[in-house]
Amino acid sequence: MAMMGMHFGHDAGAALTEAGGYRVIEAERRLGLRHVCGGNGDFPQAAAEWLAELREGAASPVTGIAVADWYTPVCQVLPPALVELVNEDARWTATGGTGLADAVTRVIKPLDWPLAKGFGDITLTAVRHHYAHAALAYYTSGARKALVLALDGTGNYAECGMVCLGDGDQLTPVMSFTNRTGPRFGLVYEALARRVHGSQFDTGKLLGLTATGETDALLLPVLRAMLVPQSTRRASPDLYEQLDEDRLTGTALRYADTWWEYDPHSGGYLDAGLADSSDDDVVHSFGSVFPDEIRTADGRSTPVGTSPDARICRDLAATLQTAVERDLTSLVTGISRRFPSYTTLCYAGGCALNITANSRLAECAQFTRVSVPTCCDDSGIALGAALAVADPADRPALLGRSGWALAYAGPPLEGLDTVDGDDAAAVDGPSRRLAGLGLSLRRPADDEEFVQSVADLLADRRCVAWLEGGLETGPRALGHRSLLVSAHWSGARRYVSQTIKNREWFRPVAPICPEEVADQYFTGPLDHTETMLFAVRVRPDRAGQLAEARHIDGTARLQTVRPDAQPLLHRLCHAVAARTELPVLINTSANGGGRPLLNHLDEALELLTGTELDAVVLPERRLIVE
């Protein structure tokens, strides 16, 4: 049988799980708008088409649909019973203990829900937002026993996270976190990202900016008190480090014309004033607005800027990252000690995209493995909801390095019919079409000739769009929708990141390296680097050689590739090394500035003709378009 999932918030989408695998449809990649939500005007009709597409492609009958409970209220195709559950059932707001276990899934009626038409007698189940995150993390990891953590900005009821225990086919919630008491890792990070870069979705840019600043020792305790107030630290000393009151006394935050002094009772700033406020007010206050000015314990008042070029913004980014890493590591270590028999950590939610913090968790010696799904943010919520309620037989059997079952669960590249054909005559039609665009088409005779031809381009300081297989799930391009350039030449990073994609100067690029030689160039958690969700460090003796691939602080968002998983890309790295003496390529996502990952050949050709991109290569067709 098969189970579908739906998500109606930002990063909306639909998904399916069955014994044979997963299929994920991310709305932004179909509608062409990043982080698109269920309130988009095109969403209702598109969502119906996605469900029909998934059902038609399923190898077995669809028995149910699971819907995540956090949604955009203006969405026109919400199940009425879901709205009623979230707004009126007080039991669904449970935040701990037995009550929480009873409030993570609930069968609801599909009455008056347009998207249920055509499915017949379907079971509709609501799934709590953070439980969907947790289910995605656990059931796609291949682990049979794991501590499972979900952390993000917020879901309903100001909830910002959940801890579950995974045992076999069971996933049991044991803790819930709320933004009322913290940890507010996601919300405060979003607030500073909005302040500096203009959008709550620019947390990735903020993470890149952290490397350009320095941690301010006086600002650090203030930011840590914003993340987790002292009252919460006192109540759970095994989870959070208590802060030095002397470094908080006299501190304050200014929002517009109002100063919020440090409150010794709550151990925070806004906390006392928001005690009786609604959940929405709590989330807005911490997540939408970052202070305009900060007064530290020495009496210094520091105005907060609004530009990534401002030194204070860069230092605040670095300081906030330090605060998050310290308190996250303390929290996870404390949770692990409460449940000491769980040596694998499965981690999801928007906070799990913080790769440098992820590396701290991987290296904290509490776990033998830290598993983060590629679509750990809300782009994976639809699949997480489906997995949460699916029969165990409807979840793929995962063994060993199971991340690949999810990493490329998106649809195949569209538009390939215009270049299909195996004989020489079949190339004529596509060639004429491409000639009209000022492009030419090459078809090497075999895989070896194809790899060598692409390696020649890269060694000659060209940039290629490498497009193969299923679309990546989540925000990282992992060699299926990637722009590649060789890391051996000075200016490579600027060429691909700024010239072609118009990205900001401080944004990092990501190196790709064959797994078997990665330790010659990098150090760190190299056993966690297949999906670009952990940061490693460039070896000091390779710093000059990898100057184009490493970030400002010497780290790298590495992806290692293996011959059994990505044979042609693996061979390409070595073929480039034969020409340049460096088996490292620079990888960034194949998309224009501000656009989602492309998934149509026409979009790739538009990128080729409209930017400095040099070639589009299609490994499965052995085609090179220049």
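Quantities reported herein were computed from a predicted structural model and do not represent experimental measurements. (Residues numbered from 1 in each chain as written. Predicted model: local features only at pLDDT ≥ 70, side-chain atom pairs only at ≥ 80, totals over all residues. Heavy atoms only, no water.)

K.L.:
Outline the overall build of the protein chain, supporting the account with residue identities and numerical values.
P.N.:
Within the protein chain, the secondary structure is distributed over 19 helices and 26 strands. Relative to its length of 626 residues, the protein chain is compact, with a C-alpha radius of gyration of 24 Å against a globular reference of 25 Å. With the C-alpha coordinates of the protein chain rotated into their principal frame, the extents come out at 80 × 60 × 45 Å. Long-range pairs, those at least 24 residues apart, make up 70% of the contacts in the protein chain between residues at least 6 apart in sequence. If you sum the accessible surface of the protein chain, you get close to 22800 Å²; carbon and sulfur atoms cover 48% of it. (Helix = DSSP H or I, 4+ residues; strand = E, 2+ residues; numbered from the N terminus. Rg over C-alpha atoms; globule rule 2.2 N^0.38 Å. Contact = heavy atoms within 4.5 Å. Areas by Shrake-Rupley, 256 points an atom, 1.4 Å probe, with all protein chains shown as cover.)

K.L.:
How would you explain the sheet that holds strand β1 (residues 2–8) if you had to name every residue and give the values?
P.N.:
The strand order across the open sheet formed by 6 strands is β3-β2-β1-β4-β6-β5, and the pairing between neighbours is mixed. A single partner strand is all that each edge strand has here, and the edge strands are β3 (21–26) and β5 (105–108). Across the sheet, the mean angle from the axis of one strand to that of its neighbour is 20°, orientation sign disregarded. Relative to strand β2 (residues 13–18), β1 runs antiparallel, the two sharing 6 bridges. Opposite H7, over in β2, you have G13 as the bridge partner. (Pairing = 2+ DSSP bridges. Axes fitted to C-alpha atoms, helices over the stretch in contact; angles between N-to-C directions.)

K.L.:
Please give an account of the pairing of β2 that cites residues and values.
P.N.:
Taken residue by residue, a regular strand's side chains alternate between the two faces of the sheet. β2 sits mainly inside the fold: 6 of its 6 residues count as buried. Going residue by residue along β2, you find G13, A15 and T17 tucked away on one face and A14, L16 and E18 tucked away on the opposite face as well. In this antiparallel pair of consecutive strands, β1 and β2, the connection spans 4 residues, and D11 shows a positive phi of 55°. Where β2 and β3 come together, 6 bridges link them in antiparallel fashion. Bridging from a neighbouring strand, A15 pairs with V24 of β3. Count of turn residues in the β2/β3 antiparallel hairpin: 2 residues. (Buried < 20%, exposed > 50% of the residue type's maximum accessible area, 1.4 Å probe, protein only.)

K.L.:
Residue-level account of helix α18 (residues 567–580), with values.
P.N.:
Here α18 spans 20 Å end to end across 14 residues, near enough to the 20 Å set by a 1.5 Å rise per residue. L568, L569, H570, L572, C573, A575, V576, A577 and T580 are the residues of α18 that are buried. If you follow the buried residues of α18, they end up packed against α16 (447–459), β17 (464–467), β18 (481–486), β19 (510–514), β23 (559–561) and β24 (585–589). After α18 finishes, the residue E581 shows a positive phi value of roughly 70°. (Expected span 1.5 Å × (residues − 1).)

K.L.:
Describe the nonpolar core, naming the residues involved and giving the relevant values.
P.N.:
Counting 107 residues, the largest nonpolar core has F177, F290 and Y347 as the members making the most contacts within it. With near-sequence residues (within four places) excluded, Y347 lies in contact with A137, L149, L151, L328, A352, N358, L361, S371, V372 and P373. Grouped together as the second largest cluster of nonpolar side chains are 44 residues, L441, C463, I500 and L582 included. (Core = buried A, V, L, I, M, F, W, Y, C linked by side-chain atoms within 4.5 Å.)

K.L.:
Describe the packing of helix α6 (residues 185–197) against helix α10 (residues 279–287), and please don't skip the residues or the numbers.
P.N.:
Packing of α6 against α10 leaves a shortest axis separation of 7 Å and a crossing angle of 50°. As the angle between them shows, α6 and α10 are arranged oblique. Counted together, L187, V188, E190, A191 and R194 of α6 and V283, F286 and G287 of α10 form the full contact between these two elements. Looking at the contact of α6 with α10 residue by residue, the classes come out as 5 nonpolar, 1 polar and 2 charged. (Parallel < 35°, antiparallel > 145°, perpendicular 65-115°, else oblique. Nonpolar A, V, L, I, M, F, W, Y, C, P; charged D, E, K, R; others polar.)

K.L.:
So, the side chain of E159: which residues are in play, and what are the values?
P.N.:
Looking at the secondary structure, you find E159 in strand β8 (residues 159–167). A polar contact of 3.1 Å, which involves the side chain of E159, links it to the side chain of H130. In this structure, E159 is in contact with L100, R128, H130, T154, S176, F177, T178 and N179, ignoring residues within four places of it in sequence. (Polar contact = N/O pair within 3.5 Å; in protein donor to acceptor, adjacent residues only side chain to side chain.)

K.L.:
A description of the environment of A193 should follow, citing residues and the corresponding values.
P.N.:
Topologically, A193 is positioned in helix α6. For A193, a relative accessible area of 0% translates into the label buried. Between the C-alpha atoms of A193 and N354, which are 161 residues apart in sequence, the distance is 13 Å. If near-sequence neighbours (up to four positions away) are discounted, A193 is found in contact with G198, S199, D202, T203 and L206.

K.L.:
Could you give an account of helix α3 (residues 80–88), naming the residues involved and the relevant values?
P.N.:
The complete set of buried residues in α3 reads A81, L82, L85 and V86. The buried residues of α3 occupy one face: seen down the axis, they fall within an arc of 130°. Within α3, the exposed residues directed more than 90 degrees away from the buried face are N87 and E88. Lining the buried residues of α3 we find β1, β4 (62–71), β5 and β6 (123–127). (Arc of directions from axis to C-beta.)

K.L.:
Can you explain the side chain of T588? Please cite residues and give values.
P.N.:
Here T588 lies in strand β24. Exposure remark for T588: the relative accessible area of 5% places this residue in the buried category. For T588, the contacting residues outside a window of four places in its chain are A477, R481, S482, L483, V496, K501 and R503.

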